[in-house]
Amino acid sequence: MRNPTEALIVIDVQNDFCPGGALAVQGGDQIIPAINALMDDFPCVVLTQDWHPKDHASFAANHKGAEPFSVTEMPYGMQVLWPTHCVIGSKGADFHKDLRSDPAHLVIRKGFRPQIDSYSAFFENDRTTPTGLEGYLRARGITTLTFVGLATDYCVAYSAMDAVRLGFDAVVLRSASRAIDLNGSLIEAETAMIDAGVVLEG
Ligand code: VGL
Ligand code: ZN
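Residues numbered from 1 in each chain as written. Chains lettered and ligands numbered in written order. Predicted model: local features only at pLDDT ≥ 70, side-chain atom pairs only at ≥ 80, totals over all residues. Heavy atoms only, no water.

Draft legend 1. How the structure looks around the state of the cysteines. Overall, the coordinates contain zero disulfides when judged by the stated rule. Unpaired in this structure, cysteine 86 has its nearest cysteine sulfur neighbour in cysteine 155, at a distance of 8.7 Å. For cysteine 86, a relative accessible area of 0% puts it in the buried group. (Disulfide = S-S within 2.5 Å. Buried < 20%, exposed > 50% of the residue type's maximum accessible area, 1.4 Å probe, protein only.)

Put into structure tokens, the structure is as follows:
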């Protein structure tokens, strides 16, 4: 068992990010056995769930004439317009059936405000609206976070970089994460994570 100050943060292992899903990440389901095994090592396990209303501003379908994976300007900066995914209450938003959820102490949902996306488990994409995860971890005395899940170059990377910004030690376990890799986004995200002080393992 790891030190009581450590937590495992499992990012968005949901049907829509796994093969057959609306925003499938290649090999997204292959990381599940490793994640399940890791859960037994950590005194605190948190799962995150991407959780969007149907009219969410990050969906290309809600922008007239926009193609999925195109980019648009939002009040808070540039935003990729995604295929409709992880709609609240849908099958696609459910955790993959093989992911263990019993060991999780907390499930945190993000991206439920229609006008703003939320890649990070800590803040929405304006970088200021909190999800509440920071307070939970601090109240438990947790200082060191290991991130795994989907997708390495979006929600995992944003979460790990915010963690460092907040003063946590952050590790991304690459072997238990998979990337969307949209136009070189994986190498870009890895470089940004290293620059921010995230430790990349695996
Ligand atoms: C994610 C794109 C849109 C992720 C979520 O979990 O990495 N990516 N919504
Ligand atoms: Zn999303």
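Draft legend 2. Molecular detail of the coordination of the zinc ion (ligand 2). In this structure, Asp50 (OD), His52 (NE2) and His85 (NE2) serve as the protein donors to the zinc ion (ligand 2), at separations of 2.0 to 2.2 Å. With four donor atoms in place around the zinc ion (ligand 2) and angles of 88 to 167 degrees between them, the coordination shape is irregular. Spacing between the donor residues of the zinc ion (ligand 2) along the chain follows D-x1-H-x32-H. Placement of histidine 52 in the loop between strand S2 (45-50) and strand S3 (71-74) and of histidine 85 in the loop between strand S4 (77-80) and strand S5 (106-110) is noted, with a sequence separation of 33 residues between them. Residue classification places histidine 52 among the buried residues on the basis of a relative accessible area of 0%. Taking relative accessible area as the criterion, histidine 85 reaches 3% and is therefore assigned buried. (Donors = N, O, S within 2.8 Å, 3.2 Å for Na, K, Ca; no water. Tetrahedral: all angles 85-135°; square planar, octahedral: opposite > 155°, others 65-115°. Helix = DSSP H or I, 4+ residues; strand = E, 2+ residues; numbered from the N terminus.)

Draft legend 3. Structural view of the sheet that holds strand S1 (residues 6-11). Taking strand neighbours across the sheet as the criterion, the six strands line up as S5-S2-S1-S6-S7-S8 in an open arrangement whose pairing is parallel. Edge positions in the sheet fall to S5 and strand S8 (199-201), since each of these pairs with one other strand and no more. When the angles between neighbouring strand axes are averaged without regard to direction, this sheet yields 25 degrees. The pairing of strand S6 (residues 144-150) with strand S7 (residues 169-178) spans six bridges and is parallel. Each residue of the ladder has a partner; that of leucine 150, found in S7, is arginine 178. Those strands touched by helix H1 (residues 32-39) are S1, S2, S6 and S7, and its axis lies near 155 degrees from that of S1. Packing against the sheet, helix H3 (residues 152-165) makes contact with S1, S5, S6 and S7, and its axis sits at approximately 170 degrees to S6. (Pairing = 2+ DSSP bridges. Axes fitted to C-alpha atoms, helices over the stretch in contact; angles between N-to-C directions. Contact = heavy atoms within 4.5 Å.)

Draft legend 4. Highlighting the site of ligand 1. Neighbouring residues of ligand 1: Asp12, Phe17, Leu23, Asp50, Trp82, His85, Tyr119, Leu150, Ala151, Tyr154, Cys155 and Ile180. A distance of 3.3 Å separates an oxygen atom of ligand 1 from a polar backbone atom of leucine 150. Notes on ligand 1: free accessible area 260 Å², of which the protein chains cover 100%. Its residues assigned to classes, the shell around ligand 1 comprises nine nonpolar, one polar and two charged. (Near = heavy atom within 4 Å. Polar contact = N/O pair within 3.5 Å; in protein donor to acceptor, adjacent residues only side chain to side chain. Areas by Shrake-Rupley, 256 points an atom, 1.4 Å probe, with all protein chains shown as cover. Nonpolar A, V, L, I, M, F, W, Y, C, P; charged D, E, K, R; others polar.)

Draft legend 5. Highlighting H1. For H1, the full list of buried residues reads Ile32, Ile35, Asn36, Leu38 and Met39. The buried residues of H1 all sit within an arc of 160 degrees when viewed along its axis, so they share a single face. Against the buried residues of H1 lie S1, S2, S6 and S7. (Arc of directions from axis to C-beta.)

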